[in-house]
Amino acid sequence: MSGSSIRRGQTRDGWLFVAPAVILLAVFLAFPVLMALWVSVSDWRGVGSPLSGDVGFVGADNYANILTGGSLQQRDFGTAMRNNVYYVLFVVPLQTAAALGLAVLVHTKGLRGRGFFRTAFYFPSVTSAVAITVLWLFLFNSTGVVNAILGWVGIDGPNWFGKADGIFHSALAAVGVDAPAALTDHRMLGVSWWEWLAGPSFAMSAFILLAVFTTSGTFMLLFIAALNNIGDEIEEAGRVDGASSWQRFRHLTLPMLRPTLFTVLTLGLIGTWQVFDQIYTGTQGGPAKTTLTPAYLSFQSSFNSQRWGEGAAIAFILFAIIVVLTLFQRWALREKP
Amino acid sequence: MTSRRPSPWLYAVLLLLAAVYIFPFLVNVATSFKTEPDAASNPISLIPQTFTTAAYDRLFTEVPFPTWFKNSVVVTLFVTAGRVFFDSLAGYALARIHFRGRALMFALLVAIMAVPNVVLLIPKFLVINQLGIYNSYPGLVVPLLVDAAGIFIMKNFFESIPVAVEEQARIDGANTFRMFWSVVLPMARPALVTIVILSFQGSWNELNHFIVAANDPELTNLTKGVAQLASNQLGQGTKYPLKLAAAAVMTIPVAILFLVFQKRIMNTSAGAVKG
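Everything numeric here is computed off the predicted structure, so don't read it as measured data.

## Quick notes on the overall build of chain B
At step 1: A count of helices and strands for chain B gives 15 helices and zero strands.
At step 2: Looking at chain B as a whole, 52% of its 275 residues are labelled buried.
At step 3: Expressed as a percentage of contacts within chain B between residues at least 6 apart in sequence, the contacts between residues at least 24 apart total 70%.
At step 4: For chain B, the computed accessible surface area is about 12400 Å², with 67% contributed by carbon and sulfur atoms.

## A few points about the overall build of chain A
At step 1: Along chain A, the regular secondary structure elements total 16 helices and two strands.
At step 2: Principal-axis analysis of the C-alpha atoms gives chain A an extent of 85 × 75 × 40 Å.
At step 3: For chain A, buried positions account for 50% of its 337 residues.
At step 4: Counted over contacts in chain A with a minimum sequence separation of 6, partners at least 24 positions apart contribute 68%.
At step 5: Just so you have it, chain A exposes about 15100 Å², and 64% of that area is on carbon and sulfur atoms.
At step 6: For chain A, the distance from the average position of its 21 positive side-chain charges to the average position of its 18 negative side-chain charges is 8 Å.

## Topic: a nonpolar patch on the surface
At step 1: There is a patch of nonpolar side chains on the surface, built from A:I149, A:W152, A:V153 and A:I155 and spanning about 460 Å² of accessible area.
At step 2: Relative accessible area serves as the criterion here: at 45%, A:I155 is assigned to the partly exposed category.

## A word on the interface of chain B and chain A
At step 1: Of the residues lining the interface, 95 residues belong to chain B; the matching set on chain A comes to 89 residues.
At step 2: Taken together, the two surfaces of chain B and chain A that pack against each other cover about 8100 Å², and 79% of this comes from carbon and sulfur.
At step 3: Scanning the region where chain B abuts chain A turns up zero salt bridges.
At step 4: Counting residues per element, the side of chain B that touches chain A draws most heavily on helix α1 (residues 8-32) of chain B, at 16 residues.
At step 5: Classifying every residue of the side of chain B that touches chain A by side-chain character gives 70 nonpolar, 17 polar and eight charged.

## Remarks on the packing of aromatic side chains
Residues and elements named next belong to chain A.
At step 1: Across all of its chains, the model carries 49 aromatic pairs over all chains by this definition.
At step 2: Centroid distance W136 to F213: 5.1 Å. Interplanar angle 35°. Geometry classified as tilted. In this pair, W136 sits in helix α5 (residues 129-139) while F213 sits in helix α10 (residues 202-230), placing the two residues 77 residues apart along the sequence. Across the pair, exposure class does not vary: W136 and F213 are buried alike.

## A short note on the side chain of B:T67
At step 1: By the element assignment, B:T67 lies in helix α4 (residues 65-96).
At step 2: In this structure B:T67 comes out as buried when scored by relative accessible area, which is 19%.

## Regarding the environment of A:G282
Residue and element names in this part refer to chain A.
At step 1: Take G282: it is sitting in helix α14 (residues 277-282).
At step 2: Residue classification places G282 among the buried positions, given a relative accessible area of 15%.
At step 3: Once residues within four sequence positions are removed from consideration, G282 is found in contact with T133, L137 and F207.

## Quick word on helix α13 (residues 258-272) of chain A
All names here are of chain A.
At step 1: If you check α13, its first and last C-alpha atoms are 21 Å apart, about what 15 residues at 1.5 Å a residue would give, namely 21 Å.
At step 2: All buried positions along α13 are accounted for by T260, T263, V264, T266, G268, I270 and T272.
At step 3: Close packing links the buried residues of α13 with α3 (72-107), α10 and α16 (308-332).

About the thresholds
- Residues numbered from 1 in each chain as written.
- Chains lettered and ligands numbered in written order.
- Predicted model: local features only at pLDDT ≥ 70, side-chain atom pairs only at ≥ 80, totals over all residues.
- Heavy atoms only, no water.
- Helix = DSSP H or I, 4+ residues; strand = E, 2+ residues; numbered from the N terminus.
- Buried < 20%, exposed > 50% of the residue type's maximum accessible area, 1.4 Å probe, protein only.
- Contact = heavy atoms within 4.5 Å.
- Areas by Shrake-Rupley, 256 points an atom, 1.4 Å probe, with all protein chains shown as cover.
- Lys, Arg positive; Asp, Glu negative; His and termini not counted.
- Charge placed at Lys NZ, Arg CZ, Asp CG, Glu CD.
- Patch = residues over 30% accessible without salt bridge, like charges linked within 9 Å, V, L, I, M, F, W, Y side chains within 5 Å.
- Salt bridge = Lys/Arg side-chain N within 4 Å of Asp/Glu carboxyl O.
- Buried area = accessible area lost by both parts, 1.4 Å probe.
- Nonpolar A, V, L, I, M, F, W, Y, C, P; charged D, E, K, R; others polar.
- Phe/Tyr/Trp six-rings, centres within 6.5 Å; stacked < 30°, edge-to-face > 60°.
- Expected span 1.5 Å × (residues − 1).

And the structure:
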């Protein structure tokens, strides 16, 4: 066989081998994204095919409707953004700290039952978001486990998934601070500054705890892998130099965990913008829209309100947010010369 | 030098934390064997006042749980089989076969992996609808048959095994597919087990694809069915024992998978997330 015919055969075989994957990914990922991009700039309302002739091009109207003009759609999007920003601000630091803490404890030299502890902390990560949310609805209901435990220390817990008050607002109200006019008069994305400062609602707080519960195990594994790579010599050196265990952790271990820490933070940032399953199962955005997220709002606008153009536009705004975060991760983790 | 033993305090802290992570699941199982009033008045107790399997009986009478379970099994089996085959085919080509367009294919794959799932809700519905497979088994299964991350794992694995064996088979006159099927694939068992685990867990726990691919109750799977049960789309009432029984049963298959392949799962997750 001559060289060129081998190469021709290789090209044919190569394409035959990747064809099923390429066709499936193109038809069910690439093509739909383009189709949704079209829907986001069209006036399609869910009837017939969006590719048919009587669907019109409306330019950036759908995007404008969400981002400007004081419409209900803008207010909903602003509320969803506020909710998700708080979700990110709480979940990312908490899950990272929990994961790092668990990893350090489990990694302790000479620990007996290491496998058991690792399994216990990781198990929530393999279960489905739906099953965990069902469990959470029970744990946090007004007569649930969480309130029963709070009752031991004399705290009368709320009906978590029914309480729309923001935790910052509640804390301020407890010390007698009410909405100042300066904050209620000004709006951003249709939501007043005072409402932006509400903090996550009690319902959202329960979702925040759920996220920490289910993700800390996964990220713990990343930290354990990194700790295993560091090796004992450095620890020993620090010990010989008389450093306390906190000093050793702070000045020797932590700096070496930096790349992993960064990976966990950015994976957390990307993941927390995609919260959907829990909302669909648990609250459908309620109470009072305080658990609405852009991902869920995009679904709701399209499938429930038949506002497909706006739903698709929200999905692309969300996509843009996630792409920016991903690029930021790539940039920050780039190979340093 | 004295050998250092971890202090008892460390064990105390770890046991307390382990209790926090395990206790919710024990509550889940215990509550599913309680009566509704018992679940409301003694939420913490792990021992039902009157032990009853009523909630499990109601899974068969009150909700079409067997249908949901069957659909989840069917979808998971097809998706897992499809991913094992197609992911390894494509992964092998990208690792070993020198063909024009390979670099482009690989770049495309990386780009696709970056598209978040929730962004695809509306797009997937549009194309499933356009192709006329809405409310059908193909609509539930076909879009999930390939996953970019799986191809990536297989490609990395094939790159790690020596070329010599394949060269021998080629000299013996085997064509590319024969060689792939009877020489390369048997060597890839560890990676294939990884794909099986990830696909099984992924498609068993998948929710949003099934929400947009069908609305026929006959095609509802476990995640969607239980989510609708939880959000009272299937009738009012707290029904905690019933809902928690459903949650417990749907967790059993992944729990078994996890316990059997524990070690590999924990190593894989660390590797896969690291990317």
